[in-house]
Amino acid sequence: MKNYLKENQFFVWTFIGFFLLSLLFPFSGDDIQWGLIDFSIDMFKDFSTNANLNGRYLGNFFVVIMTKNIFIRGFIMSLVMTLIVKIIKRKVKVYPLVIVLLLLLMPKYVFSQCIVWTSGFTNYVISSLFLLISLLLLEKNMQFENSKVMIILNFVVLFLSSLFVENLTVFLFLLTIVLNIIYFCTHKRINMAGIMAFLGSLLGMVVMFSHPAYHQVLAGDDGYRSLSGSFGEIFTRMFENFKDIIYKYTVFENLIIVFLITILLFIYFYKNKNKYNKIISNIINIINLYMLAFSFYVILSHFNNGWNVFLSYSEIFNIILTIIFALFLIIDTILLFRKSKNFMYFISILLCICGLVAPLMVVWPIGPRNFFMIYMLEVVYILFVIKELNISLISYKPLLLIFVGVLALYYVSIYGYIFLVNQRRENYIKEQITDSQITNIVVPRLPYTDYVWCGDFDNDYLMHLYKIKNNIDLGIVIEFVDYPAWKVGI
C-alpha cells in the first residue's frame, strides 16, 4: 500500500483536492427530492414504473446514494474525477496536472450543473467516465481477439454505460454497429468481444427506452420533456437547440478550449510546414488565420457580453462563424495529422463529439449539463496536439502548479462563501421553527447564483419538498432576500 500511494501520489492529492472542494457544495436543484427517497427494493420498482422519472437507472441509483450525505457524495465525486484524470493520462501520456487544469477551466454553467449539482454529476460526469472506459474497450476490440473475461466485460460495461443519459445510449448503440461492420469487412470474421459490446448496448437501450416516461414523451403527454415529431417540428427544434445551447457549449462558451486549440494548431503547422506542399500550406494558412480571428472575436465577446456586432442578427452571425470554425477544425485536423500515428485518435474524437451532439438536436430540454463529456473530449483533443508537439509539460510544473493553485483558491473563495451563507441559512431556519408562533421566516439567497444550479428552494415545488425534509410546518412562509440585506436585518 505504501508503494502504491507513493507511485500514485499525484492521484491521491487529486482525490483529496476534489473531495475537500466538494464538501463546500450545497445540495441544489432536485437534490432535495432525491434525498427524500429511501434506498430499498421499492425504490427500484418505482424507477421502472414512475412515468415522472426516466430510464437513467444508474444515474438515478447514484443520485439517491449521493444525496444522503455530503461525505458519501464527496467520496464518489472525487473518485470519479480522479479516475477520469487517470484514464486520460494513461491514454494520452501527458503530465496529469495539465488535465486537472483544463478540467477546472470548464465554463461556469457546465461546472455548476455537472459538478456542483449532484443529479447533474451522476448523469453527466459518471457517464463520461463510463464513456471513456467503453471507448478503451472498443478500441481493444478493433485490435485483437479478446479473452472470455474481456468478452464478458464488454457486455457488462456497454450495458451499464447505456443507463445514464439518452444521447450516450444512442451513440454507443450506433458506434458498436459501425465498429462491428468495420471489423468484419477488414478481417472477414466476427469479433465476439465486439458482438457482446453491441448486445450490451442494445440491451441497455431497450431497458432505458422501455421506461414509461418515454412513452409519454412520444405521445406528447409529458409536460417537461419533448421529442420533435413532424419534419417541420424536427427542423425547428434542431435550429432552436443549436441556436440556444449547442453552438455555445460545443464551441463559443469554451473560450479556453477554442484559444488553446487555435494556438497549438498554429504552432504545430509552423514547426512542421516543410512537410506540406504549397497548396496544402496555403489552405492551412487560410484556416489558421480564420481560427485566430475567430478566437479573438470570442475573447472580445466574452469581455463585453453586451456587444452586438450585428445588432439583432448578432447571434445568427455567431452561429455562422462557429459552424465555419468547426468545419475548418475538421479540415485542419485532416491536413495536419493525416500522416501521424495518432491521426485516428484525432478523427475519433471529432466523430465522437458529433455523434454525442447529434441526438441533442431533436430533444428538449437540454442545457449546459449535457456538454461535460463534449468538453472532456475537447480536452483530450488538446492533449493529443500537445503530444504531437513533443512538449515536455513536466518542465512547466511550477507554472502549472501556480495556475491550478490560483484556480483552486478561486473556487474555494466562491464555494466557501456559498457554504457559509448556506450553513447560516440552515441554522437560522432551525432556530426560527422552534418558536411555535412563527408564521414567516426571512432567509438569504445564496451568493454567486451562476455557480449553483437552483441553489434556492424558492419555487412552490422545491419549497414543499424542503419543508417536508426539514419537518417545517407547511403553513410557514419562507421569504428570500439578498444576503447583505438579510445580514443587516437580523
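Let me begin by describing the structure that accompanies this report.

Thresholds, definitions, all that
- Residues numbered from 1 in each chain as written.
- Predicted model: local features only at pLDDT ≥ 70, side-chain atom pairs only at ≥ 80, totals over all residues.
- Heavy atoms only, no water.
- Core = buried A, V, L, I, M, F, W, Y, C linked by side-chain atoms within 4.5 Å.
- Buried < 20%, exposed > 50% of the residue type's maximum accessible area, 1.4 Å probe, protein only.
- Helix = DSSP H or I, 4+ residues; strand = E, 2+ residues; numbered from the N terminus.
- Contact = heavy atoms within 4.5 Å.
- Salt bridge = Lys/Arg side-chain N within 4 Å of Asp/Glu carboxyl O.
- Axes fitted to C-alpha atoms, helices over the stretch in contact; angles between N-to-C directions.
- Parallel < 35°, antiparallel > 145°, perpendicular 65-115°, else oblique.
- Left-handed = near helix turned anticlockwise from the far one by under 90°.
- Nonpolar A, V, L, I, M, F, W, Y, C, P; charged D, E, K, R; others polar.
- Phe/Tyr/Trp six-rings, centres within 6.5 Å; stacked < 30°, edge-to-face > 60°.
- Lys NZ or Arg CZ within 6 Å of the ring centre and 35° of its normal.
- Expected span 1.5 Å × (residues − 1).
- Pairing = 2+ DSSP bridges.
- Right-handed = clockwise from strand over helix to strand, strands pointing away.
- Patch = residues over 30% accessible without salt bridge, like charges linked within 9 Å, V, L, I, M, F, W, Y side chains within 5 Å.
- Areas by Shrake-Rupley, 256 points an atom, 1.4 Å probe, with all protein chains shown as cover.
- Lys, Arg positive; Asp, Glu negative; His and termini not counted.
- Charge placed at Lys NZ, Arg CZ, Asp CG, Glu CD.

### Comments concerning the nonpolar core
Residues I84, Y381, L383 and Y415 are the most contacted members of the largest nonpolar core, which totals 146 residues. No other element matches helix α19 (residues 372-388), which puts 14 residues into this core. When sequence neighbours within four positions are dropped, the list of residues in contact with L383 reads I88, V92, V94, V98, I99 and L102.

### Some thoughts on the pattern of salt bridges
Side chains that differ in charge, positive against negative, can pair when their charged atoms come close. This model, assessed by the stated rule, comprises nine salt bridges. With its nearest N and O atoms 2.9 Å apart, the salt bridge here joins K91 to E139. Here K91, found in helix α6 (residues 70-92), pairs with E139, found in helix α9 (residues 118-143); they are 48 residues apart in sequence, far enough to count as distant. Residue R445 is joined to D458 by a salt bridge in which the shortest nitrogen-to-oxygen separation is 2.8 Å. Within this pair, whereas R445 is found in the loop between β3 (440-444) and α21 (460-469), its partner D458 is found in the loop between β3 and α21, the two being separated by 13 residues in sequence.

### A look at the packing of helix α11 (residues 166-187) against helix α18 (residues 343-357)
Helix-helix packing: each pair is described by the crossing angle between the helix axes and the interaxial distance. Between α11 and α18, the least distance of the axes is 8 Å, while the angle of their chain directions is 125°. In this view, α11 runs oblique relative to α18, as classed from their interaxial angle. Crossing handedness for the pair α11 and α18: right-handed. Across the interface between the two elements, N167, L168 and F171 from α11 touch L351, C352, G355 and L356 from α18. For the contact of α11 with α18, the residue count by class is five nonpolar, two polar and no charged.

### Quick look at the packing of aromatic side chains
What characterises a pair of aromatic rings is the spacing of the ring centres plus the angle enclosed by the ring planes. This model, assessed by the stated rule, comprises 49 aromatic pairs. Plain terms: the ring middles of F39 and F61 are 5.7 Å apart, the flat faces sit at 55° to each other, and that makes the pair tilted. Linking F39 in the loop between α3 (31-35) and α4 (41-49) with F61 in helix α5 (residues 57-66), this pair joins segments that are 22 residues apart in sequence. We classify F61 as partly exposed; its relative accessible area is 22%. Arranged with centres 6.0 Å apart and planes meeting at 80°, the rings of Y417 and Y448 form a pair that is edge-to-face. One end of the pair, Y417, is in helix α20 (residues 397-432); the other, Y448, is in the loop between β3 and α21, with 31 residues separating them in the sequence. Its relative accessible area of 40% is what places Y448 among the partly exposed residues. The rings of F25, F111, Y410, Y411, Y415, Y417, Y428, Y448, Y451, Y483 and W486 are connected pair by pair, giving a single aromatic cluster. The ring of F27 carries the charged tip of R73 above its face, separated from the ring centre by 4.6 Å.

### Comments concerning helix α15 (residues 255-271)
Its 17 residues give α15 an end-to-end C-alpha distance of 24 Å, which sits within 8% of 24 Å, the value for a rise of 1.5 Å per residue. In this structure, the buried side of α15 is in contact with α14 (231-252), α16 (278-303), α17 (314-337) and α19.

### Quick look at the side chain of H211
Relative to the helices and strands, H211 is located in the loop between α12 (192-209) and α13 (212-219). Once residues within four sequence positions are removed from consideration, H211 is found in contact with F47, S48, T49, N50, A51, L53, N54, G55 and Y57.

### Topic: the pairing of strand β4 (residues 477-481)
Burial of the side chains of β4 is restricted to one face: I478 and F480 are buried, whereas none of V477, E479 and V481 on the reverse face is. Pairing between β3 and β4: five bridges, direction parallel. From the neighbouring strand, V443 faces β4, where its bridge partner is F480. With respect to chirality, the unit in which β3 leads through α21 into the neighbouring parallel β4 is right-handed.

### Some details on a nonpolar patch on the surface
Together, I391, Y396, L399, I402, F403 and V406 make up a nonpolar patch on the protein surface, roughly 550 Å² of accessible area in all. Structurally, V406 can be placed in helix α20.

### Here we look at a positive patch on the surface
Positive charge collects at one region of the surface, where K89, R90, K93 and K140 lie side by side. With respect to the secondary-structure elements, K140 resides in helix α9.

### Overview of the environment of I353
By secondary structure assignment, the location of I353 is in helix α18. A residue is classified by how much of its surface remains accessible, and I353, at 13% relative accessible area, is buried. The sequence separation of I353 and D46 amounts to 307 residues, and the corresponding C-alpha distance is 33 Å. Leave out the neighbours within four places in its chain, and I353 touches I374, L377 and E378.

### Describing unusual backbone geometry
With an omega of 5°, the peptide bond between W364 and P365 qualifies as cis. Structurally, P365 can be placed in the loop between β2 (363-364) and α19. Even without being glycine, K93 reaches a positive phi, approximately 60°. Residue position: K93 is located in the loop between α6 and α7 (96-104).

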